[in-house]
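# Results of the structural survey
Residues per chain are reported as follows:
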Amino acid sequence: MRLFDYAGSGNAYKVRLLLAQLEQPYERVHVDIAAGASRTADFLATKNLAGRVPVLELDDGTALPESNAILWHLARGSRFFPEAPLDQSKVLQWMFFEQSEIEPILGSARYWILTGRDRERADELARRIEIGRASLAAMNRHLESRAFFVAERYTIADVALYAYAHVAGDARIDLAAYPAVRAWIARVESQPRWFAGPDAYGANARVT
Ligand SMILES: N[C@@H](CCC(=O)N[C@@H](CS)C(=O)NCC(=O)O)C(=O)O
């Protein structure tokens with residue numbers, strides 16, 4: 001298996017975290033997205049028509065993009081994937097929530113701020129931070145009476161949500177306002193083979 005990856009990407013970090021926790025060997029292929037390497041004709045044709053990482057290339061050559069689809073594919077049948085059909089639907093519920101209310105909100109705000117793109121879109125940044133606060137508040141309410149998002153155990157729903165929620169500070173949101181989210185982050189970080197991420201963006205991602 002090969003993972004087309006970028007160290008600063010929370011979406012790619014999700015996949016690396018699960019692969020480590022599954023103890024699955026794989027080859028990591030660095031794609032310099034800041035230099036446009038995910039937008040070449042070859043990458044678009046053979047890896048991801050949307051021009052983004054992560055992409056997991058399976059041993060038969062199939063390319064699977066979309067971080068949460070990759071988590072789902074890798075986790076099926078493992079302890080990170082609940083057995084009950086309704087719990088599986090709840091995992092999907094939170095992964096869709098992550099892709100609509102967390103990743104394009106906190107992920108984009110973090111990217112703009114850390115790479116100097118915030119100055120040119122102050123109004124849109126403020127709007128996303130506002131939505132990000134509401135999303136974290138919803139997560140906090142859910143976690144006030146639970147240790148994890150689904151089935152009272154650590155699943156790929158937690159992996160997906162953790163990737164950008166725990167770096168909300170990079171998006172100028174203080175997690176002190178969300179104590180149940182903070183306690184959950186500590187529980188995620190105490191899971192076996194957890195490691196810190198995502199990394200900083202490469203220097204060439206910055207605008208001056
Ligand atoms: N929904 C996708 C989003 C992927 C995404 O936005 N990837 C970013 C890095 S976090 C990327 O590759 N950007 C490069 C580009 O758009 O050219 C997922 O969850 O995998």
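Bear in mind that the values here come from a model prediction, so they are computed numbers and not experimental data. (Residues numbered from 1 in each chain as written. Predicted model: local features only at pLDDT ≥ 70, side-chain atom pairs only at ≥ 80, totals over all residues. Heavy atoms only, no water.)

Turning our attention to the overall build of the protein. For the protein, the count of helices and strands is seven helices and four strands. Computed over C-alpha atoms, the radius of gyration of the protein comes to 17 Å, within 12% of the 17 Å expected from 2.2 N^0.38 for 208 residues, which places it in the range of a compact globule. Viewed in the frame of its principal axes, the protein has a C-alpha envelope of about 50 × 45 × 25 Å. Going through the 208 residues of the protein one by one, you find that 50% of them count as buried. Within the protein, residue pairs in contact and separated by at least 24 positions form 69% of the contacts whose partners lie at least 6 positions apart. Just so you have it, the protein exposes about 9700 Å², and 52% of that area is on carbon and sulfur atoms. (Helix = DSSP H or I, 4+ residues; strand = E, 2+ residues; numbered from the N terminus. Rg over C-alpha atoms; globule rule 2.2 N^0.38 Å. Buried < 20%, exposed > 50% of the residue type's maximum accessible area, 1.4 Å probe, protein only. Contact = heavy atoms within 4.5 Å. Areas by Shrake-Rupley, 256 points an atom, 1.4 Å probe, with all protein chains shown as cover.)

Its place among the elements puts R110 in helix α4 (residues 85-114). Side chain to side chain, R110 and Y201 meet in a polar contact 3.2 Å long. Aside from chain neighbours lying at most four places away, what touches R110 is G8, Y164, V167, D170, A171, P198, D199 and Y201. (Polar contact = N/O pair within 3.5 Å; in protein donor to acceptor, adjacent residues only side chain to side chain.)

In this section: the site of the ligand. Near the ligand there are 14 residues, and of these R39, V53, E66, S67 and Q99 occur at the shortest range. Here an oxygen atom of the ligand and a side-chain polar atom of S38 are 3.5 Å apart. Q99 places a side-chain nitrogen or oxygen 2.8 Å from a nitrogen atom of the ligand. Taking 510 Å² as the accessible area of the ligand by itself, protein coverage stands at 81%. Assessed atom by atom at 2 Å from the grid points, the ligand resides in the largest pocket. Looking at the shell around the ligand residue by residue, the classes come out as four nonpolar, six polar and four charged. (Near = heavy atom within 4 Å. 1 Å grid on protein atoms, 1.4 Å probe; cavity = no way out; pocket = protein on both sides within 12 Å on 5 of 7 lines; lining within 4 Å. Sits in = over half its atoms within 2 Å of the grid points. Nonpolar A, V, L, I, M, F, W, Y, C, P; charged D, E, K, R; others polar.)

One open sheet holds the four strands; their spatial order is β2-β1-β3-β4, and the pairing between them is mixed. Two strands in the sheet have a free side with no partner beyond their single neighbour: β2 (27-30) and β4 (63-65). Mean inter-strand twist for the sheet, computed between neighbouring axes without regard to direction, equals 25°. Bridge analysis of strand β3 (residues 55-57) against β4 gives three bridges, and the strand direction is antiparallel. Paired with V55 across the strands is P65, a residue of β4. (Pairing = 2+ DSSP bridges. Axes fitted to C-alpha atoms, helices over the stretch in contact; angles between N-to-C directions.)

Turning to the pattern of salt bridges, a few remarks are in order. Tallied over the entire structure, the rule returns 13 salt bridges. Here R153 and E83 are joined by a salt bridge, their closest N and O atoms 3.4 Å apart. One end of the pair, R153, is in the loop between α5 (122-143) and α6 (156-165); the other, E83, is in the loop between α3 (67-75) and α4, with 70 residues separating them in the sequence. Residue E83 is classed as exposed on the basis of its relative accessible area of 62%. With its nearest N and O atoms 4.0 Å apart, the salt bridge here joins R133 to E130. (Salt bridge = Lys/Arg side-chain N within 4 Å of Asp/Glu carboxyl O.)

That is the geometry; function is a separate question.
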